[in-house]
Amino acid sequence: MSTRKSTRPTPAGAAMTAAAALQLCLACPAAPAATPEDLAALTCTEIRDGWRIRSLPPRASLDAALLAEAAQGGENWLDAPAMPTTVHDTLLRHREIEPPWLPNGTEKCFWVGTRDWIYAVRFTVRDLLPDARLRFQGISNKADLYLNGKHLARHHAKLPLTVDVGPYLARENVLVLHCHAEFSEEEGARRARGTYLCPNPPIASAGIFDKVFLETSRGHRLEEVVADSSLNEELAGGTVTV
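Quick caveat: nothing in here was measured; it's all calculated off a predicted structure.

It is worth spelling out the overall build of the chain at this point. From N to C terminus, the chain includes five helices and 15 strands. Residues classed as buried in the chain amount to 40% of the 242 residues present. Sequence separation of at least 24 residues holds for 73% of the intrachain contacts in the chain that already meet a minimum separation of 6. Accessible surface computed for the chain: about 13,800 Å², of which carbon and sulfur atoms make up 51%.

The next thing to look at is the nonpolar core. Counting residues in each nonpolar core, the largest one holds 36 residues, and the members touching the most others are Trp51, Phe136 and Leu175. For Phe136, the residues in contact, after removing those within four places along its chain, are Leu145, Pro160, Leu161, Leu175, Leu177, Ile208, Lys211 and Val212. Within the second largest apolar cluster, twelve residues are counted, among which are Leu66, Leu67, Ala70 and Val174.

To continue, consider the sheet that holds strand β8 (residues 143-147). With antiparallel pairing, the six strands of this open sheet are ordered in space as β4-β3-β6-β11-β8-β9. For this open sheet the edge positions go to β4 (78-82) and β9 (150-155), each flanked by a neighbour on one side alone. Mean inter-strand twist for the sheet, computed between neighbouring axes without regard to direction, equals 25°. Pairing between strand β3 (residues 49-56) and strand β6 (residues 116-124): five bridges, direction antiparallel. Counted as the bridge partner of Arg54 is Ile118 from β6. The strands that helix α3 (residues 64-72) touches are β3, β6, β8 and β11 (172-179); relative to β3, the one it contacts most, it runs at about 145°.

With that settled, consider the pattern of salt bridges. According to the stated counting rule, one finds seven salt bridges in the structure shown. Taking the shortest distance from any N to any O, the salt bridge between Asp127 and Arg126 comes out at 3.6 Å. With a relative accessible area of 70%, Arg126 lands in the exposed category. The shortest N-O distance in the salt bridge between Arg133 and Glu215 comes to 2.7 Å. Residue Arg133 is found in strand β7 (residues 131-136), and its partner Glu215 is found in strand β13 (residues 212-217); the two are separated by 82 residues along the sequence. Of the two residues, Arg133 and Glu215, both sit in the buried class. The network of salt bridges with common partners includes Arg133, Arg135 and Glu215.

Take the confidence of the model for the chain next. Mean pLDDT for the chain: 78, with 73% of residues reaching 70 or above. Across residues 1-30, confidence stays below pLDDT 50; counting only partners more than four residues off in sequence or on other chains, it has 54 contacts.

Attention now goes to the environment of Ile118. Note that Ile118 resides in strand β6. A relative accessible area of 1% means that Ile118 is categorised as buried. The spatial distance from the C-alpha of Ile118 to the C-alpha of Val176 is 6.8 Å, given a sequence separation of 58 residues. Sequence-distant contacts of Ile118, defined by excluding residues within four places in its chain, comprise Arg52, Ile53, Arg54, Leu56, Leu62, Trp77, Val176 and Leu177.

This part covers the packing of aromatic side chains. Counted by the stated rule, this structure contains two aromatic pairs. Geometrically, the ring pair formed by Trp51 and Tyr119 is edge-to-face, given 6.2 Å between the ring centres and 75° between the ring planes. With Trp51 in strand β3 and Tyr119 in strand β6, this pair connects stretches of sequence that are 68 residues apart. Residues Trp51 and Tyr119 agree in their burial class; the two are buried. One residue, Arg52, lies across the ring of Trp77, its end atom 5.7 Å from the ring centre.

Bringing the environment of Glu107 into the picture now. With respect to the helices and strands, the residue Glu107 is situated in helix α5 (residues 105-108). Residue Glu107 is classed as partly exposed on the basis of its relative accessible area, which comes to 28%. Separated by 96 residues in the primary sequence, Glu107 and Ile203 have C-alpha atoms spaced 7.8 Å apart.

This next bit is on the pairing of β9. Both β8 and β9 contribute to a ladder of five bridges, which runs antiparallel. Across the sheet, Leu147 pairs through a bridge with Lys150, a residue of β9. Here β8 folds back onto β9, and the loop between the two strands holds two residues, one of which, Asn148, carries a positive phi near 55°.

Parameters at a glance
Residues numbered from 1 in each chain as written. Predicted model: local features only at pLDDT ≥ 70, side-chain atom pairs only at ≥ 80, totals over all residues. Heavy atoms only, no water. Helix = DSSP H or I, 4+ residues; strand = E, 2+ residues; numbered from the N terminus. Buried < 20%, exposed > 50% of the residue type's maximum accessible area, 1.4 Å probe, protein only. Contact = heavy atoms within 4.5 Å. Areas by Shrake-Rupley, 256 points an atom, 1.4 Å probe, with all protein chains shown as cover. Core = buried A, V, L, I, M, F, W, Y, C linked by side-chain atoms within 4.5 Å. Pairing = 2+ DSSP bridges. Axes fitted to C-alpha atoms, helices over the stretch in contact; angles between N-to-C directions. Salt bridge = Lys/Arg side-chain N within 4 Å of Asp/Glu carboxyl O. pLDDT = per-residue confidence, 0-100. Phe/Tyr/Trp six-rings, centres within 6.5 Å; stacked < 30°, edge-to-face > 60°. Lys NZ or Arg CZ within 6 Å of the ring centre and 35° of its normal.

As structure tokens, then:
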């Protein structure tokens with residue numbers, strides 16, 4: 001963690017903006033110097049449109065044929081117009097399942113959790129920079145990430161996933177997420193344990209439930225900022241510590 005202090009006059013009650021924090025962190029003598037061009041090159045682009053999904057029987061990984069199909073799409077694919085959207089959201093939009101909240105709805109949706117699901121999207125990068133990473137804010141289940149046919153990461157928890165993709169990024173890209181089945185057919189449509197009300201009918205949350213970003217830079221990243229500020233007794237100046 002680098003620290004830089006500023007004693008410039010600060011209006012009483014003023015909060016330091018993220019941009020100011022970024023300038024202070026990147027200008028710190030302990031860090032590589034960042035030029036105005038470096039700061040301008042910092043981008044965060046949401047990959048929101050053009051996604052599609054399809055299901056397939058459970059498997060450990062995707063072969064070249066499936067990855068090529070993901071790049072082209074086809075009749076087995078369903079459009080997911082805007083992300084984030086889970087598998088159930090997309091199936092409901094296309095009327096492939098009944099609403100799970102209706103009577104016996106979760107049992108009718110049980111099959112969704114017994115299948116693997118593939119998310120795919122094509123996206124273009126205008127400026128290829130040396131530092132790039134994909135950031136998924138939320139993935140529901142076990143998943144594998146592929147970019148341009150290359151397996152890059154495996155994810156196991158409902159937590160954000162960040163993957164460095166600089167060496168594999170191109171101007172035209174195909175991003176594929178392989179979400180693995182939550183249940184097996186042998187488990188049946190009801191769990192063994194329940195509550196005093198009834199057995200628990202399982203419904204597996206599958207897919208992407210939060211935003212997806214591509215972040216690029218020339219090697220400068222803002223991983224974390226811890227900032228503090230104070231005013232002098234005359235309330236005419238202050239100190240910001242980052």
